[in-house]
Every structure is written in structure tokens, then in C-alpha cells.
Amino acid sequence: MASSCIGWTPLLLCLVQLLHFHTHAASASGVHPHGHANLTRHHSAPWLCRPDQANTLLTLKQSFSFHPDERFPLDLESTTTLPSWKPGTDCCLWEGVGCSNSSSGHHVVTALDLSGFQLNSDGIHPVLFNLTSLRMLDLSMNNFRGYDIPSVGLERLVLLRHLNLSSSGISGQVPIGISKLTNLISLDISDRSNDIEDAEDDYDIDAISVAPNYGLSVPYFLNIVANLSNLTELYLDLVSISSSVQDSFKALAKSVPHLRVLSLGYCDLQGNIDSSLSRLKSLAVINLSGNDGITPGPFPEFLMNFPNLRVLQLSCINLQGWFPRGTFLSKNLRVLDLSWNPDLSGHLPNFSNAASLETLWIYSTDFTYVKSSYCSGFKALTELSIDGKIISTDFLYSFGMLASLRRLFVTQLDSPRQLESLFSWFGGIKNLRSLEFDFCDLSMTIPSSIGNLKNLTRLVISKSKLTTQTLSSITNIINLKFLKIHWDDSFLAIPSAIGNMTNLERLHILNCWSPRPIGPIPHEVGALKKLKSLVLPYMGLSGRIPSTIANLTQLTELQLEGNHLSGRIPSTIANLTQLTELQLEGNHLSGRIPSTIANLTQLTELQLGGNYFSGRIPSTIANLTRLTELGLEGNHLSGEIPTSLFTLPALGYLDLSKNQLSGPINEFDAASSCLKNVYLEMNNLTGQIPRSLLVLPNLKDLNIKGNNLMGSVDLASLWGKDLTSLFLSYNKLTVIEGEGINNSLSTYPYQLVELGLASCNMIKIPKLIMHAKHMSYLDLSSNKISGDIPSWIWERWNYGLMWISLADNMFTGMELNSYVIPFSNTMYNSFNLSSNRLQGLIPMPYSSAEILDYSNNNFSSLLPNFTLYLSSTKYLMLSHNNISGYLPRSICHSPLEVLDLSYNNFSGLLPRCLMENGLSIINLRENQFKGMLPSNISIGCPIQTINLNGNKIEGQLPRTLSKCTDLEVLDLGRNQITDTFPSWLGGLLNLRVLILRSNKFHGSIGHLEDEKYRGRHFSSLQIIDLASNNFSGKLHPQWFENLKSMRQDNNSGDIIYHPNILGLYQDSITISYKGFTMSFERILTTLTSIDLSDNALEGSVPMSIGNLVSLHVLNMSHNAFTGEIPPQLGSIIALESLDLSSNMLSGEIPQELTDLTFLSILNLSNNQLDGRIPQSRQFETFQESSFDGNAGLCGPPLSKKCGPSDIPSETHLKNSSHGVDVVLFLFVGVGFGVGFAAAILLKLDYWISMWFHIFRILC
């Protein structure tokens, strides 16, 4: 709150000003100042108000909305529906209306005070300006939804003396017509929404909802004040004033001589504080806080000379230098705020009458204390804000015990001595009600004597260091009503002693999300029976929701979202019958949603999303007739959607997305529904889209993507609505825009902002969407749209479009006036034209997009300066085109994280900066790059994938690659690299894929183990391809022992992805499988392979390979291995392909290999094996080619029969202990190439869909 330069307008001042305004304004209008309902009662004659004015007020009433509209997040629930405003009744008796006598025989409306009614309206209705007899107009604390103040109309209210539009949700320029209101005494167009929000926390008052003003400005300040000579009060806080401080003050001094209140906080004032303000001798209130554009300078000493000064607020205005030693002349100074001027130094100010001061704020200054400083006499001080560095025992005790002090704010307290002095001092202040610590170190011992603060009702601790002992000490303050703790990194459990604080009404502990559980909600919380608000979000709370929470029968607000809570919602939650807001989203809660939740009939918001709830949605939710928001998204809910949800009388927001809901969406009575936002995406819904869903009268957002809905949808039937977002993608729908479209303006989708129509069988772009004014998201991907991409997409939405995907269509061209597309949105996120038939030069968006995807087209070239348009690009995908040329060094000047140029014709040397540019993914596969790999790699290298397969890279591997500790995929296959085996890569503990095939590597595959990584070398490797090199020598058994990822059962089938790379990039891989080269578009953790074929390796096959139980593919063919096949290979239970062909292996085929029930491909040909071929399980399916070239083998499938000497001495018929069913479909076609597709279905207690997806087949 007060920890940054946001300014602090003391609430007391705010309330005093408001009260003063109403009292003064009411008396000036002949209006009673207390209560809206009794605004005017001084006339005795039975005359009625003028009929025309009554009609004006009734028209004004019709412009108000008394209930929130989901389109406007800041809409308010009105405190009144103006029931007394009825036709045929005397409008002078209506609430908020005041009248006076007139010569016409009627009373005329002279006052309209709707302050704080929380009315909603689309701007100020111009009919209001027909009330030309108004002397007082107060529309403050209502909500005009960000609409501009009418530029004309106010000038008609020439009798107006008091105008208040503060905190009313208005925007735009303050109209020059105000300058004609020459009778104005008070003018308030300020924004006090921050003050009101603070009031809720600070003083336990009833909540007041207000709408902030939006970007108000006064471009003609000098002209506006020029004629307001009667003005005594001017409040323009948070209104931008374009004129300088000097000019503004000179204009006020000249034109407004009687000004008593000047409040210009946060007005963007620039320049020097001018002494001309000193001419306004009547000034009692001066507020310049928050104008950090004021030129740094000393404290203006003339401000100390106003005799009537009551309030001086100068927070955060760049005051510097030594504070004057003079004395404030005013004997009535009540508020002094000098905070957030860190370069303002000196001693405490001197006061003519310190006994009058009520508020003193001097935190975040450089004031110091010396014993000669004058601090005594503050008999009326109620609020004190100080900085830790000024605190000392002498300083504090110089104030005395301050019996009047009600509120103390302390910041930057970080030493034990200061803390001890502070607690010792305020321990004697018996009337202290509010205590706040900001950026303090409270990890030091807080004495239990803090419990002696019997009157302390409010404690706020923000961004401070805490310990468990600190929290325990706080629980001694048993009279506390409001406790708010906001920490960043002190993740502490709630002490059980919290139950001692039985007077607590509001408990708020806010966090920046704890990544680990910190402990449960103590069941003692159930003792806090006066609690009305319990807010504990993102704390890391774990365990179950305690059943004792049912004791909190006065609770109206329960927020436990974003924790680690588990188990079921206790059924006793039904006891919380006063609850209006229940937020449990983002936990680990499970089980069924209790039907007893229907007892919470006061609920207006129910959020249970992001948990593990299962079962059906309780139909009893239909009893929650006050519900305005219902969020059940991201659970495991099943069954049909209860139709009653769509007709809950107040429900405007419904989110059931990302569940397992099924069946049709049934028709319902759309006319009785209030629904505005409906999210049903990512379920299993079937059938037709019900017509009632499409004709909801208030529908703004509809998202039903990712279901199995079918039928045809005519967009023309939707365009007549005020839809802002529509998502129909990924169903079985056919979306059209009817030919017989009514092209009237009323049917244009002007309000449409987001449109998702991916995979909707569309053959053309809907033409009426070109009339949408502010489109930010457009997805027309995966359709059948052909022709040119129209230019109006870039021209119409060049400033607003943030996300566009036209991928997977049949576009052949683009309507362009330039190859620089005129997108100018600085927040541009994604531009995706992939998988079309586009060709020629690649056009670039002028405003760099975070994601650029042109892959899978026929583009042939890039702009010579294309890197100029990558200033914000993190993901650049140009793969599978025909682009040629060099990769410029300027590519390194962009903030790229993913660079994929694979399958093109790029050539030349790799830029040396490529490895040091912060890239995480480098995929240059299948190009013509040459030269050596850059070696300038530094510690902290973020690279996760390097794929240079199929280029002309030569030389040695740079040893600096070992600094890339995040590296997961290294694919350098099919190059000309000459080096020995890189054992030094074994320390990369995240490395999963190592492909070095078809290079010039030589020497042994050595076992070089660093003591630092003992037993962990290559521990994450799951794909190893060293084929077609010149490796020689024997394999070290320990080398395979280190492959821990293959030694463990792995049935998760997770996709290897890079979570910090926008969630979009997935590595692809190409491996050799029975003579075929197969590419997988994604790598699963279950895909494991070792290929050492076509080398000169010798010696025996290591028995340690048998420990790799999750290995799927093993190819050691075309080497010089000798000895027998290790029977331990029969322990590789996941093995599907085994190729040991073209070696010098001898002996029998081990019977243990028949245990390999997944084995579908076996090649033992061209060895020196002998004996009978095993005849059980998978061996009965292998062809003769699996065993050719072994003269000593006999038995099926070979034609050579076995003699008696070939019968094994012992038959090994061991049953497999793994109940895994395998269905293998192989389709092989021969033509220009060989096509191959494989789908493996695994059954492990339940059927899992395909464990890998084959992307492309190469020969």
C-alpha cells in the first residue's frame, strides 16, 4: 500500500472532505445534508415538482443498471433500485432529489445527490442537462463504465454551485463548458478509489465499492479556471493536467482568489513549484502528492506561511536538500505528509501548535533525530508514519506516550535495537488501534508483551521477514479484528495458536505462490467464530480442509485457491449459510462435489476449477439462485451437463471446460437465462449445438472447442449479437456464413474480439468478420480455405491483432502492397502461416511477433534485412521450405529462443555468435551449412537442443559443449566430423538423445568417468545412435551400467518437451529400424534405442546390456563382435527390435530370447551361430531371413532340419510376469520408396493410445 511511490491520502482527510462537501453543498442548496431519503423537507405547500423535470429524472433512471453486467468487470451491485422514482409521484420526495420553491407554482429540482448508490450506466445520459435549475449535482461513487464525460451539456447548468463526479468511472477530457459555470463553489472530478479500498482494510468500515476514473485529462486547465472566481474547493486528483506547475499556480492565483482547498495529487504536473501560490492566503488544504514529474528541488518555504493551513500533502514530489528550520505559521495544521522524498533531509519540522497535528507521515525520507529536536506536544496525533532509520529510544520517547495515537506505520526496520526500542515504546500506547509494518525484518524476537495492546484491532505486515515465532507472538493480540500478512518468500505454516484470536473478523494471508507445501490449515481455525472473511490463497497449504471450518457460521468470504489442499470438501461446509464467495480452485481436492453445497443459498461466486473432482455435477446447484459465477473447469467431472445450470436466474459466468463431460447439450429456455460467458471447451460433448445456446440474449463469450459436436453452424445467425469471443474449433462441425446474409449494419460483428474456427470444414474466410473493430485473436487453421489471404486482415486490425493462425489451409498467395506487413501492435504474439502453398519471398510483420511460423510452404527467400523484424521474436520456424542463402550474423541480435530452419537450402558458415545468443533450440537439420561448430560457449549456456543432422559440419566437437548443462538433444548425424567418442559429454545429466551417426568418429567408445559424476555418466540417455562411424575396440560393460533411464521401467509415455519454450516446440527424431529410416514428430520417454551398427567394434557383447529393461531397439550389426549371444538379453523385456547381424557371434541362440514377448523384429543373420532355433512365442513368427548366413543353425523357419545332437539339453519355457498385450500393425508398400507405419498399443491395466506417432518415413 505505502511501500511504493503511490501516495497516501489519509482516510480521515478523505472522509472530512466528503462530509464537508455534502454539508456545505446541501446547505447552499437548501437541502438537508443527512441521508438521501430526506434530502429536502423545508417546503410546506403541496405543490408538486415540475412534470418535465419528473420525466427527465425517470428517463435518467432508465439509463441505470442496478446489477453487474459481465461485459464490465468493474460493474457494481447497486445499493438501491430507486424504488421511490415512480411516475405520478412528487419527484421532490424521491431519494436523492432536492427541490426549492419557484415562482411558477411548482418546486424545481435544485439538488441531485446520487453519491454512493453504485449505479451502472453507459456514460452520463445527456437528458441530465435538462435540469437547468440544479445548484448541486453529485454523481460520485457510481460507475459510468469508462465512458467520456459529455463534451457538451454541462455548460447549461449555469446555476450549479457544487459539482462532484469523483470516482464515478468516467474518462476523457474535462469539458471546456465547465468554465461557464461561474457560480461554482466546489468542483470535484478526482479519483479516490484507492483511498476507499484502503478504507476497507484500514478501518474495518463496511465495504464501499467504487469505479475508478479512466485517464481523465484537463487540456485547457488555464481556460477552465479563468472564470471560476467563486471557487473555494478544487479536487482534481488523478486527472492529468497538461499545463506546467508554474502556469497552473499562476492561473489559480489570478482567477480563483478565494480558494481554500487545492487537491492535485497524481496530476502528472511538471516543472517547478511556483511561489505565486502564496497569494492564495485562504488556502487550508494543499495536496500535490504523487507528482513525480515536479523538478527536484528544496522544500518551498512559502508553504509554511499559510495562516489557515490544515492539510499539506507533498508525498513523492522530488523534494531534496535540508528541510527549513522555520516554523509552520498555522496553528491548525492537522495533516503533514512528506513521505517518499528520500533526498529530503534535516530534523523534524517545527510547529506553531504541535497539539493540533493529527497525521504525520515522514517515512522514506532522510530525516534524522537529535536530542535537541522538538517532538513533544503532539497531544492530538492519531496517525504516525516513520522510517526505521530514524527510530531510536530517544526519538520515540521524545514523543511521549501519545495517548491519542490510533495508527502507526513503520517501514525499513531492520535492526534488533530498533525493534526493541519500538516495541518498548508503543507497548505503553494503550489506545493504538492500527499497526502496520512494511519492508521490516521481524525475524527477530517480538516480545509476547505485544499482547498488551488491548485496543489493537488491525495489524498489517507487508513484504517483511517473518519466522514461526513471529507468528506465534502475533496470536497473543487477542482483540485483533483484522490481520493481513503479505509476504514474498517467508513461507510459514499457520500456528495452531491462531485459535486464540477469537475476535478476528478478517484473516488475510497473501503470498506469491509457495512451490512447496508448508503445512495444513490448523483445525483451531474453527474457534474464530466471529470470522467473516478468510483469505489464504497461494500459501502452500496442504492436507485436508478441516471440518472445524463449519463452525465459522458468520463467514461470507472463503478464499483458499492456489494451495496444495487435498481430500474431499467436508460436507459440513453446508453450515456456512452466510457464505457469498467460495474459491477453492487450483488445489488437489478430489471426490465428488458435495450435494450439500446447495445449502449455501447466499453464494454469488463458486470457484472449484483446477482440482480432481469426479462424478457428476450435482443437480442441487440449481438451488443457488444468487450465483453469478460458477467455475468447475479443469476437473474430472463426467456425465451430462445439468440443463438447470443454463437457467440459474443470476448466473452470468459458467466455466465447465476441460472435464470429461459427455452426452448432448440439451435445449433450455434461453429467454430466462442471464448467461453472458459460457466455456464448455475440451470435453466429450456430442450431438448438435442446441439452438438455445446460440440465441442467448446476453451472450458475449462462447467457447465449445475440442468436443465432438456435429452439424452445421451458420455464422450469420450469430452476427446480430454483441459477441466478443467465439470458439467452435476442433469439433465435427461445418461452419458457413450464409449466402443470404442481411448486410444491414445491425448484423455486423462489430464487437468481435476473438474468433476460433479451426478445423471447421470451411472453404472461405467469413467475409463479415472484416467489420469487427478490434479483433485481437483469429484462428482459421486446419480448414480448406484457398486463394489469396486478403489484405484487409492486415489493414483493418493492424493495431489490435495479437494472435493469428491461418495454418493448414490451401492458401497460395497473399494480397500485399509491401513485403513488410503493416502490423503495428507492440503486443503482437503469434503469426502462423505454416502448412499452406505459399511461395516466393517471406513477408514479415512490421511489429515483431513473439512467434513466427512459416514452415511447410514453398517459400524460397527472405528479405535481406529480415532480422530487423525479429526484435521481439522468440520462436522462428522456417522449416520445410526451399529457402537458400546465408544465415546473417545479425540473427544473434534478436531475442530468439527457438530457431528452426530445418529442411531448407541454407549454406555457408554458422555464425560464431549462434551458441552464445541465449538460444534454447537450434534446429538447422538438412541444410548445407559447413565449417566447424562454434566453440565460444560460456558457462550457463541455455541450449537444450542442437540438431545439425544432414549438413557438412567438420572438425572436432568443441569441448565447451560440456557447459550446456541443460542440453537434452544433440543430433549431429550425417556430417563430416572427425573426432573420438565424446565421453566428456557424460556429465550432461539432462542429455536424452545423442546421435553421431554417419560421421568420421574413431577410436574406442571409452569409459571415462569423472569422480564428480560417478555412476551418473549419460544417466538420462534414452536414444544413442553411433552407427556408420569408425569406432573400434571393445565395449566397456560399465558404459551400459550408467544408462539409468533404460534400466528402469518407464511406462509413462510422456512427451519430451521444453516447458520454458512457450510450450510449442517438440523435438523430432529419425532412427534406423530394420533397414528403414523412420522419423517421429515427437519423442516419448518410452522410445529408447541403441544403434552401434556399421563400425569396427569387437570383443563380446556385454552382458550388462541385459539390465536395460526398458530398451526397445538394439542394433549392433555390421561389427566384429565375437563369442556367444548373452542370455541376459532375454531380460530386456521391452525389446521390440534386435539386430546382431553381420558379426562373428557363435554358439546357440539363447532360449531366454523367447521371453521377449514384444520382439517383432529379429536379425541374427551372417554370424557363426549353430544349434536349433528356439520354437516358442515370438520365434514362431520370424522369417528365414532373420537367421540366414549361419551355417550351423537348423530348424524352422530354415529348411535345414536338426539332428539329435542339435536338441538343447534343457528347454527354457519361462512365463512372462508382465501382462502386456501387443498388437503390431505393419504396412509395407514398395514403389518409388518404401512406406512404413507402425502403431503399438500397450495394455497396462488399461488401454493406452499409441505410444509413438510416426511423422515421416524416409528410405
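Residues numbered from 1 in each chain as written. Predicted model: local features only at pLDDT ≥ 70, side-chain atom pairs only at ≥ 80, totals over all residues. Heavy atoms only, no water.

Considerations on the overall build of the protein chain
To keep it simple, the criterion reads: Secondary structure follows DSSP: runs of H or I at least 4 residues long count as helices, runs of E at least 2 residues long count as strands, and numbering of each begins at the N terminus. Surface exposure here means Shrake-Rupley accessible area, sampled with a 1.4 Å probe, where a residue is shielded only by the protein chains that are shown.
Assigned secondary structure in the protein chain consists of 12 helices and 85 strands. If you sum the accessible surface of the protein chain, you get close to 48,700 Å²; carbon and sulfur atoms cover 50% of it.

A short note on the sheet that holds strand β17 (residues 343-346)
Definition in use: Two strands qualify as a pair provided that DSSP identifies no fewer than 2 bridges between them.
The three strands are arranged β14-β17-β20 in an open sheet whose pairing can be described as parallel. The sheet terminates laterally at β14 (320-322) and β20 (366-367), the two strands that pair on one side only. Judged from the three bridges that link them, β14 and β17 form a sheet pairing that is parallel. In the strand pairing of β17, Gln-320 is matched with Asp-343.

What to know about the sheet that holds strand β74 (residues 1096-1099)
Taken in spatial order, the seven strands line up as β68-β70-β74-β76-β78-β80-β81 in an open sheet, and their pairing is parallel. The strands lining the two open edges of the sheet, one partner per strand, are β68 (1002-1003) and β81 (1192-1194). When β68 meets strand β70 (residues 1030-1034), the two strands line up parallel, connected through two bridges. The residue of β70 that forms the bridge with Gly-1003 is Phe-1031.

Considerations on the packing of aromatic side chains
What characterises a pair of aromatic rings is the spacing of the ring centres plus the angle enclosed by the ring planes. This is how the line gets drawn: Only the six-membered ring of Trp is used, alongside the rings of Phe and Tyr, when aromatic pairs are assigned; centres must lie within 6.5 Å, and planes under 30 degrees apart are stacked while those over 60 apart are edge-to-face, with the rest tilted. For every residue, the accessible area (1.4 Å probe, protein chains only) is compared with the maximum for its type, and the residue is labelled buried under 20%, exposed over 50%, or partly exposed between those bounds. Lysine and arginine charges are scored as sitting over a ring when NZ or CZ, respectively, is within 6 Å of the ring centre and within 35 degrees of the ring normal.
Under the definition given, this model contains 31 aromatic pairs. When the ring of Trp-85 is compared with that of Trp-94, the centres are 5.4 Å apart and the planes differ by 25 degrees; the resulting orientation is stacked. The exposure class of Trp-85 is buried, given its relative accessible area of 1%. Taken together, a centroid distance of 6.5 Å and an interplanar angle of 40 degrees make the contact between Phe-323 and Phe-328 tilted. Each member of the pair Phe-323 and Phe-328 is classed as buried. A network of ring pairs unites the aromatic residues Phe-299, Phe-323, Phe-328, Phe-351, Phe-367 and Phe-378 as a single cluster. The aromatic ring of Phe-482 is capped on one face by Arg-506, whose charged end is 4.8 Å from the ring centroid. It is Lys-773 that lies over the ring of Tyr-750; its NZ or CZ is 5.2 Å from the centre.

What about the pattern of salt bridges?
Just so we agree on the cut-off: The rule for a salt bridge is simple: a side-chain nitrogen of Lys or Arg has to be within 4 Å of a carboxyl oxygen of Asp or Glu.
In this structure the tally under the stated criterion is 16 salt bridges. Among the ionic pairs, Asp-366 bridges to Lys-389, the shortest N-O distance being 3.6 Å. Of this pair, Asp-366 sits in strand β20 while Lys-389 sits in the loop between β21 (383-387) and α6 (393-398); the two residues are 23 residues apart in sequence, bridging distant segments of the chain. For Asp-366, a relative accessible area of 33% puts it in the partly exposed group. Taking relative accessible area as the criterion, Lys-389 reaches 48% and is therefore assigned partly exposed. Here Lys-700 makes a salt bridge to Asp-722, at a shortest N to O gap of 3.5 Å. Taken as a pair, Lys-700 in the loop between α9 (691-694) and β42 (701-703) and Asp-722 in the loop between β43 (708-714) and β44 (725-727) lie far apart in primary sequence, 22 residues in all. Three or more residues are tied together by salt bridges with common partners; here these are Arg-407, Glu-436 and Arg-458.

Observations concerning helix α7 (residues 416-426)
For the record, the criterion: Note on contacts: a residue pair qualifies if any of its non-hydrogen atoms lie within 4.5 Å across the two residues.
Of the residues making up α7, those classed as buried are Gln-418, Leu-419, Ser-421, Leu-422, Phe-423, Trp-425 and Phe-426. The inward-facing, buried residues of α7 contact β21, α6, β22 (407-411) and β23 (434-438).

Overview of the pairing of β21
Across the five residues that make up β21, a large majority, five, are buried. Burial along β21 is two-sided: Glu-383, Ser-385 and Asp-387 facing one way and Leu-384 and Ile-386 facing the other are all buried. Across three bridges, the pairing between strand β19 (residues 359-361) and β21 is parallel. Paired with Thr-359 across the two strands is Glu-383, which belongs to β21. Bridge count between β21 and β22: five bridges; the pairing is parallel. Of the residues in β22, the one forming a bridge with Glu-383 is Arg-407.

What to know about unusual backbone geometry
In this model, Pro-1196 is joined to Pro-1197 through a cis peptide bond whose omega is 10 degrees. One non-glycine residue, Trp-340, adopts positive backbone phi at about 55 degrees. For Trp-340, the position within the fold is in the loop between β16 (335-337) and β17. With relative accessibility at 24%, the residue Trp-340 sits in the partly exposed group. A positive phi angle is found at Ser-998, which is not glycine, with a value near 55 degrees. Looking at where Ser-998 falls in the secondary structure, it is placed in the loop between β67 (993-995) and β68. For Ser-998, a relative accessible area of 26% translates into the label partly exposed.

A word on the environment of Ile-386
Tracing the backbone through its elements, the reader meets Ile-386 in strand β21. Residue classification places Ile-386 among the buried positions, given a relative accessible area of 0%. On a C-alpha basis, the gap between Ile-386 and Ile-362 in space is 5.4 Å, while along the polypeptide they are 24 residues apart. The contact partners of Ile-386, leaving out residues within four places of it in the chain, are Ile-362, Tyr-363, Ile-391, Phe-395, Leu-396, Leu-408, Phe-409, Val-410 and Thr-411.

Here's the deal with the nonpolar core
To be explicit about the condition: Nine residue types can take part in a nonpolar core, namely buried Ala, Val, Leu, Ile, Met, Phe, Trp, Tyr and Cys, and a core is a set of them joined through side-chain atoms within 4.5 Å.
Counting residues in each nonpolar core, the largest one holds 330 residues, and the members touching the most others are Leu-112, Leu-408, Trp-425, Phe-426, Phe-437, Leu-693 and Ile-793. Element by element, the count of residues in this core is highest for α7, at five residues. With residues up to four places along the chain from it excluded, the contact list for Ile-793 reads Ile-765, Leu-801, Ile-804, Leu-806 and Phe-823. Listed in part, the 12 residues of the second largest apolar core include Val-969, Ile-995, Phe-1080 and Leu-1087.

Topic: the environment of Thr-577
Mapping Thr-577 onto the fold places it in the loop between β31 (564-567) and β32 (581-583). Apart from residues lying up to four places away in sequence, Thr-577 is in contact with Asn-599, Leu-600 and Gln-602.

With respect to a positive patch on the surface
Counted only if it meets this: For patches, a residue must show more than 30% relative accessible area and have no salt bridge; joins then use 9 Å for like charges and 5 Å for nonpolar side chains, namely Val, Leu, Ile, Met, Phe, Trp and Tyr. We count Lys and Arg on the positive side and Asp and Glu on the negative side, and we leave His and both chain ends out. The atoms used to mark charge sites are NZ of Lys, CZ of Arg, CG of Asp and CD of Glu.
Where like charges cluster on the molecular surface, the positive patch consists of Arg-406, Arg-433, Lys-481, Lys-530 and Lys-532. Checked against the element boundaries, Arg-406 lands in the loop between α6 and β22.

Some details on helix α2 (residues 51-62)
For clarity, the threshold we go by: A helix's residues, less one, multiplied by 1.5 Å, set its expected span.
Taking 1.5 Å per residue as the helical rise, α2 with its 12 residues ought to reach 16 Å, and the 17 Å between its terminal C-alpha atoms agrees with that figure. What α2 keeps buried is the set Gln-53, Ala-54, Thr-56, Leu-57, Leu-58, Leu-60 and Lys-61. Contacts made by the buried residues of α2 are with β1 (97-101) and β2 (107-113).

Examining the confidence of the model for the protein chain
Convention followed: The predictor's confidence in any single residue is recorded as pLDDT, a number from 0 to 100.
When pLDDT is averaged across the protein chain, the result is 85; 85% of the residues are at 70 or more. In this model, residues 6-45 is a region of pLDDT below 50 whose contacts with residues beyond four sequence positions or in other chains number 92 contacts. Here residues 196-208 is a poorly scored stretch, pLDDT under 50, and it has 28 contacts once near neighbours within four places are set aside; other chains count.

Digging into the environment of Asn-917
In this fold, Asn-917 is placed in the loop between β60 (905-909) and β61 (921-923). Separated by 21 residues in the primary sequence, Asn-917 and Leu-896 have C-alpha atoms spaced 8.0 Å apart.

Side note on the side chain of Ser-1019
The topology assignment puts Ser-1019 in the loop between β68 and β69 (1023-1025). Look at Ser-1019 and you get buried, because its relative accessible area is 12%. Those residues in contact with Ser-1019 that lie beyond four places of it in its chain are Leu-989, Asn-1042, Leu-1043, Lys-1044 and Ser-1045.

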